[in-house]
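What follows is each chain in one-letter form.
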Amino acid sequence: MINALLDRKIEKPPDNVRLKGRILFLTEDPELIKRQLAGEDLPWDTKNPANNPKLRDDISTDEITPAHICFFFDETLGEFPYTGLKCGNELPIQRADVKKGGFVAAVSGKRRGKGSSREQSPYAELCAGIRVVLAENIERIYKQNCQNLGVLTSTNFELIDKIRGGEEIPLSEFTHGEDEITRQIIEYGGLFNFNVARMQKKVSLPVIDTKPRPMTVAEKIFARHISNGAGKVGVKSVKPGDTGFAYTDLRFSHEYVTPMAAIFFDQLVGRDAPVNDPASVLFFRDHLTFLDETISEQKRKMGLLDLATQLKLKQEDFARQRGIRLHGELKDRKGSEGICHSVVLESYALPGQLIVGSDSHTPHSGAVGCVAFGIGTTDVFNSWITHDVRVRVPESVKVSIRGKMRRNVTGKDLILTLLSMEYIKTGKALAKVMEYSGEAIEALSVDERATMTNMAAEIGGFTGIVAPDLKVVDFLVERRGIDRKKAEAMTQGMTSDPDAEYAHVIELDAAEIAPMVATPGDPGNGKFIRDLNSPVPVEIAYGGTCTAGKNEDMDMYALVLSNALKQGKRVADSVQFYIQFGSQETRDYCIRKGYLEVFQKAGAHVIEPSCGACINAGPGVSTRPDQIVISAQNRNFPGRSGPGQMYLASPLTVAASAVAGYITEFEPSEDRQLVSA
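Bear in mind that the values here come from a model prediction, so they are computed numbers and not experimental data.

A.B. asks: Just give me the short version of the overall build of the protein chain, but keep the residues and values in it.
C.D. replies: In terms of helices and strands, the protein chain carries 28 helices and 26 strands. Taken against the 2.2 N^0.38 rule, which gives 26 Å for 677 residues, the C-alpha radius of gyration of the protein chain at 24 Å falls within 12% of a compact globule. Taken along the three principal axes of its C-alpha coordinates, the protein chain extends 75 × 60 × 50 Å. Sorting the 677 residues of the protein chain into buried and exposed places 63% on the buried side. Once local pairs closer than 6 in sequence are excluded, the contacts in the protein chain between residues at least 24 apart make up 74%. Carbon and sulfur atoms make up 47% of the accessible area of the protein chain, which amounts to about 24900 Å² in all.

What follows is the structure in structure tokens.
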């Protein structure tokens, strides 16, 4: 493999680009989009932005390529960009509209590309002819995926006039402000070409010579894993902005991503080429296990169920050929071994490790004190060659939550509170490490900490992390069977230095936080349940996913339902309540605790592990726009889990609302009724 790549001819593209084509402005007004698709070029005043129509903010990758579109894993994706984009109450862009329109650039507002790490989104744009993405600010993983594929990105709206004028634009317009490695990746037209040039020693890597300094826990982990430029791993110190390639302890991907990465690998490296250290690579079949139960007849006719099966088969074939462990489907019943994040935390992740995964919720494993972050498809397949990933050491935000939490407040309420804050909603935490600390965090179990680190993805953060402590040691001993002395040794030194530097510090008093919901449309729409204006009736309640399918989440569902049974109550007749395990380990835990009987008696539907409803691919999805869902999952972007109106909440709130029939807080005292807002 190495010899073949050493002989590969790699050249830089020209230093200037001339972009021939139209510009698509993704506005809030669906009629303006339709007019552009019909051939009209919108006027745009780059000198007086206030004169322009309002651009759509917060365009998620779910809207660029809805989940079912990701069943395609080749250039067919070019027919589908923005088909999930909601403007007003409309979806103005249909199949092939963008490709037929001759667009070369797409313009939007704040936080473009938030949400899932799916590289299908920029790849769909590229295959449709989009070569430049312009936005006020751009989420880290999406931006990195664009750069890896050769799609240019910028926040400089003055380029609009240059593109329209057919002018040559220096490539430096798109590399300005980027670190040295990212600049070279852009100049080589993508990550693979750059990595081949790296192997051929045609590129220069920055030397990290940061003087010893107080470091955060995340910075200490980066320092242990980043290349020192001389072929060795590890440096004494790093600071935010240092760039290099970091050695990975674990690399994992799932069936949404593995097939595209495998195709890239086969085509660009070789069908018989081995993967670098397959023992440190994991594959998961966890996203589409229950798809056949929810996929619409229309999508069946499009052949999407067959395509989803091909995803599974391609991953199985690649795993078999390369000797990679696949956590797959169950043999004796329908379901999977577990969701990737759940299994990685329960069985693999260790304090101080650096872990990468093909999913934005990879930070889940930060609950045990490792740096875990999501990467795109091109990063995945390149890591199979090099064993490392490019990193720019991020700044950290310290979240200190003091005091004691109320009995009906959970980690989910804490993270929904953070997501509702202006600092985070305006994108100031983008690409930063979220370091959780304080008395309230220290009191959380590892499972509850995982809810916090998992949803660093919704913040748009690089990752989330909690410094490993005695609770992590107990977790490793009790859940993993690791020797206590070995577990304690792993946590030594894994705390932030007292005078470590932070980009920002957020301080909260846990006693001031009450049960929360995020109202439909975005996880940042958080408010206290008591502040809802009127009772909100619920038709579907869903407890599951990586965020809320852990052991302690099951404790919460069981607590609420057992209390309800004692009061002679069960799940309301108007509600379908689904409880889905995150892993087989959690299912076994529920059997040992007797929870399955409680769930059944209370009227809940129990589902084997899978991502399921969270990605519109399992029981619990909505089927009508007016249907109201309360869910313990992590995202409620438009269309992500069906056409209905989804509220996000904690496992306690979801279960209590399932019993009440409307959104309500859980009142933990057994002698009191469930109390609505």
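So, next bit.
A.B. asks: Run through the packing of helix H25 (residues 551-566) against helix H28 (residues 651-660), naming residues and quoting values.
C.D. replies: Relative to each other, H25 and H28 sit at 30°, their axes nearing to 8 Å. Between H25 and H28, the interaxial angle falls into the category roughly parallel. Relative to H28, H25 is oriented so that their crossing is right-handed. Listed contacts from H28 to Asp 553, Met 556, Tyr 557, Leu 559, Val 560, Leu 561 and Ala 564 of H25 are Pro 651, Leu 652, Ala 655, Ala 656 and Val 659. Across the contact of H25 with H28, the residue classes tally to 11 nonpolar, no polar and 1 charged.

A.B. asks: Outline the side chain of Thr 386, listing residues and values.
C.D. replies: By secondary structure assignment, the location of Thr 386 is in helix H16 (residues 377-386). Of note is the side chain of Thr 386, whose polar atom sits 2.6 Å from the side chain of Asp 388.

A.B. asks: Explain the sheet that holds strand S17 (residues 504-509) to me, and be specific about the residues and the numbers.
C.D. replies: Strand-to-strand pairing in sheets goes through backbone hydrogen bonds, with the strands running parallel or antiparallel. Here 4 strands make up an open sheet; going across it, the order is S16-S15-S14-S17 and the pairing parallel. Bordering the open sheet on either side are strand S16 (463-465) and S17, each of which pairs with just one other strand. The average angle at which neighbouring strand axes cross in this sheet is 20°, direction not considered. The pairing of strand S14 (residues 396-402) with strand S15 (residues 433-437) spans 5 bridges and is parallel. Looking at the pairing, Ser 396 lines up with Val 433 of S15. Against the sheet, helix H17 (residues 411-419) engages S14, S15 and S17, with an angle of about 130° to S17.

A.B. asks: Can you lay out the nonpolar core for me, pointing to particular residues and giving the numbers?
C.D. replies: One finds Val 238, Phe 265, Leu 288, Phe 373, Phe 381 and Trp 384 to be the most contacted residues of the largest nonpolar core, which totals 78 residues. By residue number, the principal contributor to this core is helix H12 (residues 258-268), which donates 6 residues. Judged by nonpolar contacts, the second largest core, of 41 residues, contains Met 405, Leu 416, Leu 508 and Ala 510.

A.B. asks: Any chance you could break down the confidence of the model for the protein chain for me, citing the residues and the numbers?
C.D. replies: Scored by pLDDT, the protein chain has a mean of 94; 98% of the residues are at 70 or more. Within the model, the stretch residues 670-677 combines pLDDT values under 50 with 22 contacts to residues more than four positions away or in other chains.

A.B. asks: I'd love a proper account of the side chain of Asp 553, names of residues and values included.
C.D. replies: Its location among the elements puts Asp 553 in helix H25. Contacts of Asp 553, omitting those with residues within four sequence positions, involve Glu 448, Thr 547, Ala 548 and Pro 651.

A.B. asks: Can you break down the pairing of strand S12 (residues 371-374) residue by residue, with the values?
C.D. replies: Of the two faces of S12, the one holding Val 371 and Phe 373 and the one holding Ala 372 and Gly 374 are both buried throughout. Where strand S11 (residues 354-357) lies against S12, 4 bridges are found, and the strand directions are parallel. Opposite Leu 354, over in S12, you have Val 371 as the bridge partner.

A.B. asks: Hey, could you go over the environment of Ser 445 for me, with residue numbers and the actual values?
C.D. replies: Note that Ser 445 resides in the loop between helix H19 (439-443) and helix H20 (446-454). Taking the C-alpha atoms as reference points, Ser 445 and Leu 354, 91 residues apart in sequence, are found 21 Å from one another. Leave out the neighbours within four places in its chain, and Ser 445 touches Lys 471 and Glu 552.

A.B. asks: Report on the pattern of salt bridges, specifying residues and quantitative values.
C.D. replies: Per the stated rule, a full pass over the model turns up 49 salt bridges. Among the ionic pairs, Arg 111 bridges to Glu 139, the shortest N-O distance being 2.6 Å. Placement of the pair is Arg 111 in the loop between strand S3 (103-107) and helix H5 (120-127) and Glu 139 in the loop between strand S4 (132-134) and helix H6 (140-149), with a sequence separation of 28 residues. Of the residues examined, Arg 111 reaches a relative accessible area of 4% and is grouped as buried. Lys 143 serves as the salt-bridge partner of Glu 178, at 3.0 Å between the closest nitrogen and oxygen.

A.B. asks: Explain unusual backbone geometry residue by residue, including any values.
C.D. replies: Even without glycine at this site, Asp 58 takes up a positive phi of about 55°. Structurally, Asp 58 can be placed in the loop between helix H2 (30-37) and helix H3 (61-64). The phi dihedral of Ala 431 falls on the positive side, at around 65°, and the residue is not glycine. For Ala 431, the location among the structural elements is in the loop between helix H18 (422-425) and S15. We classify Ala 431 as partly exposed; its relative accessible area is 27%.

A.B. asks: Pulling in residues and values, what's your account of the packing of H12 against H16?
C.D. replies: The interhelical angle for the contact between H12 and H16, taken along N-to-C directions, is 50°, at an axis separation of 9 Å. By the angle class used here, H12 and H16 are oblique. Between H12 and H16 lies a crossing whose hand is right-handed. Facing Thr 258, Met 260, Ala 261, Ala 262, Phe 264, Phe 265 and Leu 268 of H12, the residues of H16 in contact are Thr 377, Thr 378, Val 380, Phe 381, Trp 384 and Ile 385.

A.B. asks: Quick rundown of the pairing of S11? Include the residues and the values.
C.D. replies: Burial along S11 is two-sided: Leu 354 and Val 356 and Ile 355 and Gly 357, pointing in opposite directions, are all buried. Across 3 bridges, strand S8 (residues 250-254) lies against S11 in parallel orientation. By the bridge assignment, Arg 251 is partnered in S11 with Val 356.

A.B. asks: So what's going on with the state of the cysteines? Which residues, and what values?
C.D. replies: Scanning all chains against the criterion turns up 0 disulfides. The structure places no disulfide on Cys 70, whose sulfur is separated from the nearest cysteine sulfur, that of Cys 127, by 13 Å. For Cys 70, a relative accessible area of 1% translates into the label buried. Of all cysteine sulfurs in the structure, the one in Cys 146 sits closest to Cys 127, which takes part in no disulfide; the separation is 12 Å.

A.B. asks: Provide a residue-level description of helix H15 (residues 340-347), including the pertinent values.
C.D. replies: Within H15, 7 of the 8 residues are buried, which leaves the element mostly enclosed by the surrounding structure. Buried residues of H15: Cys 340, His 341, Ser 342, Val 343, Val 344, Leu 345 and Glu 346, and no others.

A.B. asks: How would you summarise the sheet that holds strand S9 (residues 281-284) if you had to cite specific residues and measurements?
C.D. replies: With parallel pairing, the 5 strands of this open sheet are ordered in space as S10-S9-S8-S11-S12. The sheet terminates laterally at strand S10 (325-327) and S12, the two strands that pair on one side only. The sheet shows a mean angle of 20° between the axes of neighbouring strands, taken without regard to direction. Across the sheet, H16 lies against S8 and S9, angled at about 140° from S8, the strand it touches most.

A.B. asks: Just give me the short version of the packing of aromatic side chains, but keep the residues and values in it.
C.D. replies: Within this structure, the stated rule accounts for 18 aromatic pairs. Summarising the aromatic geometry, the rings of Phe 283 and Trp 384 are spaced 5.8 Å apart at their centres and angled 55° between planes, so their arrangement reads as tilted. Placement of the pair is Phe 283 in strand S9 and Trp 384 in helix H16, with a sequence separation of 101 residues. Of the two residues examined, Phe 283 and Trp 384, each falls in the buried class. Relative to Trp 384, the ring of Phe 318 lies with its centre 5.0 Å away and its plane at 25°, an arrangement referred to as stacked. Residue Phe 318 is found in helix H14 (residues 304-322), and its partner Trp 384 is found in helix H16; the two are separated by 66 residues along the sequence.

Analysis parameters
- Residues numbered from 1 in each chain as written.
- Predicted model: local features only at pLDDT ≥ 70, side-chain atom pairs only at ≥ 80, totals over all residues.
- Heavy atoms only, no water.
- Helix = DSSP H or I, 4+ residues; strand = E, 2+ residues; numbered from the N terminus.
- Rg over C-alpha atoms; globule rule 2.2 N^0.38 Å.
- Buried < 20%, exposed > 50% of the residue type's maximum accessible area, 1.4 Å probe, protein only.
- Contact = heavy atoms within 4.5 Å.
- Areas by Shrake-Rupley, 256 points an atom, 1.4 Å probe, with all protein chains shown as cover.
- Axes fitted to C-alpha atoms, helices over the stretch in contact; angles between N-to-C directions.
- Parallel < 35°, antiparallel > 145°, perpendicular 65-115°, else oblique.
- Left-handed = near helix turned anticlockwise from the far one by under 90°.
- Nonpolar A, V, L, I, M, F, W, Y, C, P; charged D, E, K, R; others polar.
- Polar contact = N/O pair within 3.5 Å; in protein donor to acceptor, adjacent residues only side chain to side chain.
- Pairing = 2+ DSSP bridges.
- Core = buried A, V, L, I, M, F, W, Y, C linked by side-chain atoms within 4.5 Å.
- pLDDT = per-residue confidence, 0-100.
- Salt bridge = Lys/Arg side-chain N within 4 Å of Asp/Glu carboxyl O.
- Disulfide = S-S within 2.5 Å.
- Phe/Tyr/Trp six-rings, centres within 6.5 Å; stacked < 30°, edge-to-face > 60°.

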